Amino acid sequence: MKNADLILKAGMLATCLPIVGCSSANKTDKTDEERPNILFILSDDHTGQAWGIYGGILADYVKNENIRRLTQEGCVLDNCFCTNSISAPSRAAIMTGAYSHRNGVYTLEDGLEPAVDNIAKQMQSGGYQTALIGKWHLKKQPAGFDYFNVFHDQGEYVNPIFKTAEN
């Protein structure tokens, strides 16, 4: 990606990075210095204590120095609630800001229609470049991303095959 300030190495537990926003060649009123880069990490299938940033009994044992650095330089969402505890519907709710009855994703077998508005499309319209890396799990091709590299279906974590816009 052009102008990317962030290089991310995702581990097996951080399986979906829905949005990386970087300033774009498509300028708006704000300069690159005024526009923040946005990195949203969605991680599932483990306790919040596994990150080492929310305290708890594992805080002294978790070695995620780069994650800790990102939290100190940015923000941590520590008062969030899950609207649907199943993977695909939860991801669709995060992407669209809408409950399942509005975005159409109720089960693991449902896909998010590319025509549905989402946060990535809104960020693009605001002049950001967007990327999705890791677990998508919403069946249809991701829409609103300048770049994506996602696991096929649930994904294999050892030598995975990734889907891109080209395949």
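Please refer to the structure placed before this passage.
Residues numbered from 1 in each chain as written. Predicted model: local features only at pLDDT ≥ 70, side-chain atom pairs only at ≥ 80, totals over all residues. Heavy atoms only, no water.

Before we move on, could you go through the overall build of the protein chain and cite the residues and values that matter?
Looking only at helices and strands, one finds four helices and six strands in the protein chain. Of the regular secondary structure in the protein chain, the N- to C-terminal order runs β-β-α-α-α-α-β-β-β-β. Taken over 167 residues, the protein chain has a buried fraction of 36%. A separation of at least 24 residues holds for 45% of the contacts in the protein chain among residues at least 6 apart in sequence. (Helix = DSSP H or I, 4+ residues; strand = E, 2+ residues; numbered from the N terminus. Buried < 20%, exposed > 50% of the residue type's maximum accessible area, 1.4 Å probe, protein only. Contact = heavy atoms within 4.5 Å.)

An account of the environment of Asp153 is requested, with residue identities and associated values reported.
In this fold, Asp153 is placed in the loop between strand E5 (147-151) and strand E6 (162-163). Sequence-wise, Asp153 and Trp136 are 17 residues apart; in three dimensions their C-alpha atoms are separated by 7.6 Å. Residues in contact with Asp153, not counting those within four places in the same chain, are His137 and Lys139.

Describe the pattern of salt bridges, and please don't skip the residues or the numbers.
All chains considered together, the criterion is met by two salt bridges. A salt bridge links Arg69 to Glu73, with the nearest nitrogen and oxygen atoms 3.4 Å apart. In this pair, Arg69 and Glu73 both sit in helix H1 (residues 65-73), four residues apart, roughly one turn of the helix. Judged by relative accessible area, Glu73 falls into the exposed class, the value being 58%. In this structure, Lys140 and Glu113 form a salt bridge, with 3.2 Å as the shortest nitrogen-oxygen distance. In this pair, Lys140 sits in the loop between strand E4 (131-134) and E5 while Glu113 sits in the loop between helix H3 (100-103) and helix H4 (119-125), placing the two residues 27 residues apart along the sequence. (Salt bridge = Lys/Arg side-chain N within 4 Å of Asp/Glu carboxyl O.)

Run through the nonpolar core, naming residues and quoting values.
With twelve residues, the main nonpolar core is built from Ala88, Ala92, Met95, Val105, Leu112, Ala120, Leu132, Trp136, Leu138, Phe145, Phe148 and Val150. Where this core is concerned, the elements lending two or more residues are helix H2 (87-96) and E5. Those residues in contact with Trp136, other than ones at most four positions away along the chain, are Arg91, Met95, Leu112, Gln141, Pro142, Phe145 and Val150. (Core = buried A, V, L, I, M, F, W, Y, C linked by side-chain atoms within 4.5 Å.)

Before we move on, can you summarise the environment of Ile67 with the specific residues and values?
Within the fold, Ile67 resides in helix H1. With near-sequence residues (within four places) excluded, Ile67 lies in contact with Ile41, Trp51 and Ile53.

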